[in-house]
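Notes for the structure review
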Amino acid sequence: MKNSVIDSKARNTTVKYAYSFKRFVVWSEKYTEIKSVLPADEIYVSLYLQYLMQSAKHYSTIEAACYAIKWAHSLAGFEDPCASDIVKCIVEASKRKLNRPIQKKEPMNANIMLSLFKKFGGANSSLKNLRLLAMCFLAYSGFLRYSELCQIRAKNITFGNDHIDIYIESSKTDCYRKGKNVLIAKLDQAHCPVKILSDYLDKAKIDRSSDDFVFRALSYCKSTNNCKLRKKNIQLSYTRTREILKGALSDLGLNARIFGTHSFRAGGCSAASNSGVSDRLLKIHGRWKSDIAKDSYISDNLKKRLLVSKSLGL
């Protein structure tokens, strides 16, 4: 029963809460006045959050500590000390004092995507370049996060006559791991995402029915002066994926620091929205549950923003 109760939240959330609560326990051990941390007195919880405010750079640290203490008391069946007004006031104060503007990465756009293909694509494109293009074009056209992109296995991809169907086994918004399907259409263009992926799979000699991760690390072979996929079936790390994408953008003469792995997801969503795709289809394709989550990714173009003032009947 213990494991079932703990599994009521996602594993990453449980790990985060457990770590934050341990920090509270370590802090409380410094003071002999504190006799118990479970249950904890609201005044000591308040003092701990006040202590965190002195060194925290963002209010999320205080929020995480509050949620962790609440979680631990809930599991143990004790009254939540974070429900008190004084604790709530400190959390609210941290939001005012430690808040800072969110600096989002710039979204990708179609011109940059075409520039990437022009530089790294072509009939004789290397495996390294095909891997880069496959990652970029799938992330852009499928609105994929890094975690979704690099967890794709060969068996998760179904090739149809006019599209591909990518089964996403798990994602950030799929808390019950039901799985989602992303459909990407074939284009009558050389830079078609489906064609790029197919060429990459063939070049990498990946069995399309296998359990192999599609995007893995490469090894350089001196005898053939070429790269090949490593046999070890381990997905490409976030750090390496980020390096590859930023390196490619730098090669185009762009400021890579203003872009990130999420730039492709945001760029694809923005392009579709500006082209008139309905909100319902955007949410389905991007696997968003709410309009608020979806809208945070969309960057409206100048034409759409000017439409507001043009529609005032003046």
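Report follows, based on the coordinates.

The rules we used
- Residues numbered from 1 in each chain as written.
- Predicted model: local features only at pLDDT ≥ 70, side-chain atom pairs only at ≥ 80, totals over all residues.
- Heavy atoms only, no water.
- Helix = DSSP H or I, 4+ residues; strand = E, 2+ residues; numbered from the N terminus.
- Buried < 20%, exposed > 50% of the residue type's maximum accessible area, 1.4 Å probe, protein only.
- Contact = heavy atoms within 4.5 Å.
- Areas by Shrake-Rupley, 256 points an atom, 1.4 Å probe, with all protein chains shown as cover.
- Lys, Arg positive; Asp, Glu negative; His and termini not counted.
- Charge placed at Lys NZ, Arg CZ, Asp CG, Glu CD.
- Salt bridge = Lys/Arg side-chain N within 4 Å of Asp/Glu carboxyl O.
- Patch = residues over 30% accessible without salt bridge, like charges linked within 9 Å, V, L, I, M, F, W, Y side chains within 5 Å.
- Pairing = 2+ DSSP bridges.
- Axes fitted to C-alpha atoms, helices over the stretch in contact; angles between N-to-C directions.
- Expected span 1.5 Å × (residues − 1).
- Arc of directions from axis to C-beta.
- Phe/Tyr/Trp six-rings, centres within 6.5 Å; stacked < 30°, edge-to-face > 60°.
- Lys NZ or Arg CZ within 6 Å of the ring centre and 35° of its normal.

Here we take up the overall build of the protein. What the protein contains, in helices and strands, is 14 helices and five strands. Along the three orthogonal principal directions, the C-alpha set of the protein runs to about 75 × 65 × 35 Å. When burial is assessed residue by residue, the protein has 40% of its 314 residues classed as buried. Put simply, of all contacts in the protein between residues at least 6 apart along the chain, 60% involve residues at least 24 apart. Of the roughly 19100 Å² that the protein leaves accessible, carbon and sulfur atoms contribute 52%. Placing the 53 positive and 28 negative side-chain charges of the protein at their respective mean positions leaves the two points 7 Å apart.

The next subject is the pattern of salt bridges. Pairs may arise between side chains of opposite charge once their charged atoms sit close together. Inspection of every chain in the model, using the stated rule, returns 12 salt bridges. Among the ionic pairs, Lys95 bridges to Glu63, the shortest N-O distance being 3.4 Å. Of the two residues, Lys95 is situated in helix H5 (residues 85-97) and Glu63 in helix H4 (residues 60-76); the sequence distance between them amounts to 32 residues. For Lys95, a relative accessible area of 31% gives the class partly exposed. With a shortest N-O distance of 3.9 Å, Asp300 and Lys304 are connected by a salt bridge. Here Asp300 falls in the partly exposed class, since its relative accessible area comes to 38%.

On the surface, Ile43, Leu47 and Ile86 cluster together into a nonpolar patch covering about 240 Å² of accessible area. Mapped onto the fold, Ile43 is located in helix H3 (residues 42-55).

Moving on to the sheet that holds strand E2 (residues 163-168). With antiparallel pairing, the three strands of this open sheet are ordered in space as E1-E2-E3. This sheet does not close on itself; its edge strands, each paired only once, are strand E1 (157-159) and strand E3 (180-185). On average, each strand axis in the sheet is inclined to that of its neighbour by 20°, with strand direction left out of account. The strands touched by helix H7 (residues 127-142) within the sheet are E2 and E3, with E3 carrying the most contacts at an inclination of about 105°. Sheet contacts for helix H9 (residues 193-204): E1, E2 and E3; angle to E1, the most-contacted strand, approximately 110°.

This part covers helix H2 (residues 11-28). In this model, H2 (18 residues) spans 26 Å end to end at C-alpha, consistent with the 26 Å of a helix rising 1.5 Å per residue. Among the residues making up H2, those that are buried are Thr14, Tyr17, Ser20, Phe21, Phe24, Trp27 and Ser28. An end-on view of H2 places all buried positions within 150° of arc, on one side of the element. Away from its buried face, by an angle of more than 90 degrees, H2 presents the exposed residues Arg11, Asn12, Tyr19 and Lys22.

All right, on to the pairing of strand E4 (residues 218-221) then. Where E4 lies against strand E5 (residues 226-229), four bridges are found, and the strand directions are antiparallel. Following the sheet pairing, Leu218 is matched in E5 by Leu229. The loop that links E4 with its antiparallel partner E5 comprises four residues; one of these, Asn225, has a positive phi angle of about 60°.

In this section: the packing of aromatic side chains. Applying the stated criterion across every chain yields a total of 13 aromatic pairs. Taking 5.3 Å as the distance between ring centres and 45° as the angle between the ring planes, the aromatic pair formed by Trp288 and Tyr297 counts as tilted. Look at Trp288 and you get buried, because its relative accessible area is 6%. Its relative accessible area of 17% is what places Tyr297 among the buried residues. Put simply, the rings of Phe21, Phe24, Trp27, Tyr31, Tyr48 and Tyr51 pair up and form one aromatic cluster. Between the NZ or CZ atom of Arg265 and the centre of the ring of Tyr297, over which it lies, the distance is 4.8 Å.

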